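# Notes for the structure review
The chain contents come next:
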Amino acid sequence: MNQRIVYPNPEGGVCIVIPSGDLSTESTAKKDVPTGLPYKIVDVSEIPSDRTFRAAWEDDFTNPDGHGE
Amino acid sequence: MATLRVGTGLTFNGVTGDVNFLGIVTAVSFAGNVTGNVTGNVTGNATGLSGTPNITVGTVTGNLTGNVTGNVTGNVTGTASTATLATNAQGLTGTPDITVGVSTITTIKVGTAATLDSSGINVTGVITTSQLSGGCLATISNMSGIHTLGVTTAASTFVTLRHPNQTSNISNGDFVVGTGITVGTTVSAGAGTSSLTLSLPVGINSNANRLAFYKHDKIVTPAIIGGQLCRAWVNFDGTGTVHIRSSYNVSSITDNGTGDYTVNFTTAMPDANYIVTGSSTPDLALGGQGYRFLAVGSTYGNDFSKTSAGVRVQVVYTSADKTDGTHVSVAIFR
């Protein structure tokens, strides 16, 4: 899967969902993002591969692709 | 008159009541309905019989030789050669069923979907277990196998069971599992006794080998095997660009942060009373050393996050600090 789902982590920072391919990215997002939280679907290339400062990752969710159901 | 011969063009018209033939009836064809009991032998092809809508035969006593084409309503009693059944019994229907009680039949053809012959049963279509006798279905005890100890000799195919209390349940062909026994080994002789011959030599010499025997002739259904299977598993790389290598019944993993992941199930578990097992290597790219443990839950408050929908796991050091793992493996059993 070349897509990732990003949503705000209630504990701070962001969570990155890595779909397995069992479901479509959209279905995975609706199912696996916590209810009510906004999410964005992005290309995997947009996710940093350097995880040194993983806890400091942020994103803007003012225009999300959807919300967790 | 012993024989009545009805020539071409000669018909009975205006006959009311029964016509009783006491001798042999010879006719090219019957154009019309034949209703009632036929006593005696019917010889020849019945193909020419026609009726609207069907041919109704009340009782036929005697032998029917030849082909019957069309629907037969009623009971058919008597014998038929296997060749006849194989060739001509296709498509016959009865109410409630057509029962063939001849044990010497070698071939039954049911439409084009199933055949039974000396090589076995070949079915194209669906067989449901309700049509199978219970004896051919595996039980839970079959799945757990018969466990006992055996005395073996290296490179020999012979094994003597030390606790032969269950030997009567061991059959030739059953599979044997144990230390020093090659995968796929079966019991080739000695069924029902404590002295067995195996299909392959035993690789060790010990008088305390723990052996398990599993039935080879039982059908395993989901009802029996369901609770013994891994319900979900995933192998993923939690370093760099986190990605799933392989998985089953996992819709996604969530990267919550360093060494902190959630495994989300494609099909939810029946409840949260499943078990979680797994392991992790260190971040190999960083030259990580030391042990890594897979912990369930998170360090965020009391959030154990173990639900029917997924489970949160963390890769930790011995100091309980979290770290990314190169090979993180998680398996769920319920």
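You'll find the structure just up there.
Residues numbered from 1 in each chain as written. Chains lettered and ligands numbered in written order. Predicted model: local features only at pLDDT ≥ 70, side-chain atom pairs only at ≥ 80, totals over all residues. Heavy atoms only, no water.

Turning to unusual backbone geometry, a few remarks are in order. Residue and element names in this part refer to chain B. Notably, Ala155 is not glycine yet its phi reads approximately 70°, a positive angle. Among the secondary structure elements, Ala155 is positioned in the loop between β12 (146-152) and β13 (158-161). For Ala155, a relative accessible area of 66% translates into the label exposed. Phi angles above zero are rare outside glycine, and Asn249 is one such case at about 55°. If you trace the backbone, Asn249 turns up in the loop between β19 (243-248) and β20 (250-257). (Helix = DSSP H or I, 4+ residues; strand = E, 2+ residues; numbered from the N terminus. Buried < 20%, exposed > 50% of the residue type's maximum accessible area, 1.4 Å probe, protein only.)

What follows covers the sheet that holds strand β4 (residues 66-67) of chain A. With antiparallel pairing, eight strands are arranged side by side in an open sheet as β4(A)-β3(A)-β1(A)-β2(A)-β20(B)-β21(B)-β24(B)-β23(B). In the strand order of this sheet, the two ends are held by β4 of chain A together with β23 (293-296) of chain B, each with one partner. One ladder, built from four bridges, connects strand β2 (residues 14-19) of chain A with β20(B); its direction is antiparallel. Among the inter-strand pairings, Val17(A) is bridged to a residue of β20(B), identified as Thr254(B). (Pairing = 2+ DSSP bridges.)

What follows concerns the nonpolar core. Residue and element names in this part refer to chain B. With 19 residues, the main nonpolar core has Val234, Phe236, Ile253, Val263, Phe265, Val330 and Ile332 as its most contacted residues. Within the residue set of this core, elements represented by two or more residues are β18 (230-237), β20, β21 (260-265), β24 (310-316) and β25 (328-333). Setting aside its immediate chain neighbours within four residues, Val234 contacts Ile244, Ser246, Ser247, Val250, Ile253, Val263, Val328, Ser329 and Val330. Counting residues in hydrophobic clusters, the runner-up holds 12 residues, among them Ile146, Val159, Leu196 and Leu198. (Core = buried A, V, L, I, M, F, W, Y, C linked by side-chain atoms within 4.5 Å. Contact = heavy atoms within 4.5 Å.)

With 26 residues of chain B at the interface, the matching set in chain A holds 24 residues. Between chain B and chain A the total buried area reaches about 1700 Å² when both faces are included, carbon and sulfur atoms providing 43% of it. When residues of chain B are sorted by the area they lose upon contact with chain A, Thr241(B), Ser251(B) and Asp255(B) head the list and together hold 27% of the total. Our count for the chain B to chain A interface comes out at four salt bridges. The partner of Arg51(A) in a salt bridge is Asp324(B), with the nearest N and O atoms 2.8 Å apart. (Buried area = accessible area lost by both parts, 1.4 Å probe. Salt bridge = Lys/Arg side-chain N within 4 Å of Asp/Glu carboxyl O.)

What follows is about the pattern of salt bridges. Taken as a whole and assessed by the stated rule, the structure comprises 12 salt bridges over all chains. Salt-bridge contacts for Arg334(B) lead to Asp271(B); the nearest nitrogen and oxygen are separated by 2.7 Å. Of this pair, Arg334(B) sits in the segment after β25 while Asp271(B) sits in the loop between β21 and β22 (275-280), and the two are 63 residues apart along the sequence. A relative accessible area of 32% means that Arg334(B) is categorised as partly exposed. The class of Asp271(B) is partly exposed, set by a relative accessible area of 21%. Ionic contacts of the salt-bridge type, sharing partners, join the residues Glu11(A), Asp260(B), Arg312(B) and Lys322(B) into one network.

Before going further, it helps to spend a moment on the pairing of β18(B). Regular strands place side chains that alternate from one sheet face to the opposite one. The pairing of β18(B) with β25(B) spans six bridges and is classified as antiparallel. Pairing of Trp233(B) across the sheet is with Ala331(B), part of β25(B).

Residue and element names in this part refer to chain B. On the secondary structure map, Thr307 appears in the loop between β23 and β24. Remark: the alpha-carbon pair of Thr307 and Tyr274, spanning 33 residues in sequence, is separated by 9.2 Å. Apart from the residues lying within four places of it in its own chain, the contact partners of Thr307 are Phe265, Ala272 and Tyr274.

This next bit is on the pairing of β12(B). Residues and elements named next belong to chain B. Taking burial as the measure, the seven residues of β12 include five buried ones, the bulk of the element. When β12 meets strand β17 (residues 209-214), the two strands line up antiparallel, connected through five bridges. In the strand pairing of β17, Gly150 is matched with Asn209. Both β12 and β13 contribute to a ladder of three bridges, which runs antiparallel. Of the residues in β13, the one forming a bridge with Gly150 is Leu161.

This part takes up the side chain of Thr323(B). Mapped onto the elements of the fold, Thr323(B) is located in the loop between β24 and β25. Apart from the residues lying within four places of it in its own chain, the contact partners of Thr323(B) are Thr258(B), Gly259(B), Arg292(B), Val315(B) and Tyr317(B).

Right, let's get into the sheet that holds β17(B). All names here are of chain B. A sheet is described by the order of its strands in space; here six strands give the open sequence β14-β17-β12-β13-β16-β15, paired in antiparallel fashion. At either margin of the open sheet sits one strand with a lone partner, and together these are β14 (175-178) and β15 (187-189). Taken over all neighbouring pairs, the strand axes of this sheet differ in orientation by 45° on average, direction set aside. Where β14 and β17 come together, four bridges link them in antiparallel fashion. Pairing of Gly178 across the sheet is with Leu211, part of β17. (Axes fitted to C-alpha atoms, helices over the stretch in contact; angles between N-to-C directions.)

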